[in-house]
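Summary of structural features
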Amino acid sequence: VNKIREYIKTAGGDYESGRGLKITLVGWCTDICVVSNAIILKAAFPEARIIVDSKCCAGVTPELHDAALKVMASCQIEII
């Protein structure tokens, strides 16, 4: 999160809210790594556009993958 805050400062975005920031996440384990990082980023930068590319992720099981996507969508994380 601190590295992202440093980037926001240099890019001219809103340091506190993340306004103007777009972050796209992909990963191997939707239901562990991707969901936890997406929620941390959304909490740290509530106005940033957080996107998860569901085709570039996989869960431990298909059911857990789908469940993690639903959780992220409910937290205003964009699922594509």
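Our structure is the block above this text.
Since the model is a prediction, treat every value here as computed from it, not as a measurement.

Consecutive residues of a regular strand have side chains that alternate between opposite faces of the sheet. Judged by which residues are buried, strand E1 (residues 22-27) turns out to be one-sided: Ile-23, Leu-25 and Gly-27 face inward and are buried, whereas Lys-22, Thr-24 and Val-26, on the alternate face, are not. In terms of strand pairing, E1 meets strand E2 (residues 49-57) through five bridges, oriented parallel. Across the sheet, Thr-24 pairs through a bridge with Ile-51, a residue of E2. Considered for its hand, the β-α-β crossover made up of E1, helix H2 (residues 30-44) and E2 is right-handed.

Leu-25, Ala-38, Ile-50, Val-52 and Met-72 are the most contacted members of the largest nonpolar core, which has 18 residues in total. When contributions to this core are tallied by element, the ones reaching two or more residues are E1, H2, E2 and helix H3 (62-74). The biggest single contributor to this core is H2, with five residues.

Bringing a nonpolar patch on the surface into the picture now. On the surface, a cluster of nonpolar side chains totalling about 270 Å² of accessible area is made up of Ile-32, Val-60 and Leu-64. For Ile-32, the location among the structural elements is in helix H2.

Right, let's talk about the packing of H2 against H3 for a bit. For the pair H2 and H3, the least separation of the axes is 9 Å and the interaxial angle reads 10°. With respect to their mutual orientation, H2 and H3 come out roughly parallel. Facing Thr-30, Asp-31, Val-34, Val-35, Ala-38 and Ile-39 of H2, the residues of H3 in contact are Leu-64, His-65, Ala-68, Leu-69, Val-71 and Met-72. In the contact of H2 with H3, the residues fall into nine nonpolar, two polar and one charged.

The next thing to look at is the pattern of salt bridges. As enumerated under the stated definition, the model contains one salt bridge in all. For the salt bridge of Arg-49 with Glu-78, the shortest nitrogen-to-oxygen distance reads 2.8 Å. One end of the pair, Arg-49, is in strand E2; the other, Glu-78, is in strand E3 (residues 78-79), and 29 residues separate them in sequence. For Arg-49, a relative accessible area of 42% puts it in the partly exposed group.

Here H3 spans 19 Å end to end across 13 residues, near enough to the 18 Å set by a 1.5 Å rise per residue. Considered for burial, the residues of H3 that qualify are His-65, Ala-68, Leu-69 and Met-72. Down the axis of H3, the buried set is contained in an arc of 100°. They therefore lie on one face. Residues of H3 that are exposed and angled more than 90 degrees away from the buried face: Glu-63, Lys-70 and Ser-74. Just beyond H3, the residue with positive phi is Gln-76, at close to 65°.

Reading the values: rules and limits
- Residues numbered from 1 in each chain as written.
- Predicted model: local features only at pLDDT ≥ 70, side-chain atom pairs only at ≥ 80, totals over all residues.
- Heavy atoms only, no water.
- Buried < 20%, exposed > 50% of the residue type's maximum accessible area, 1.4 Å probe, protein only.
- Helix = DSSP H or I, 4+ residues; strand = E, 2+ residues; numbered from the N terminus.
- Pairing = 2+ DSSP bridges.
- Right-handed = clockwise from strand over helix to strand, strands pointing away.
- Core = buried A, V, L, I, M, F, W, Y, C linked by side-chain atoms within 4.5 Å.
- Patch = residues over 30% accessible without salt bridge, like charges linked within 9 Å, V, L, I, M, F, W, Y side chains within 5 Å.
- Areas by Shrake-Rupley, 256 points an atom, 1.4 Å probe, with all protein chains shown as cover.
- Salt bridge = Lys/Arg side-chain N within 4 Å of Asp/Glu carboxyl O.
- Axes fitted to C-alpha atoms, helices over the stretch in contact; angles between N-to-C directions.
- Parallel < 35°, antiparallel > 145°, perpendicular 65-115°, else oblique.
- Contact = heavy atoms within 4.5 Å.
- Nonpolar A, V, L, I, M, F, W, Y, C, P; charged D, E, K, R; others polar.
- Expected span 1.5 Å × (residues − 1).
- Arc of directions from axis to C-beta.

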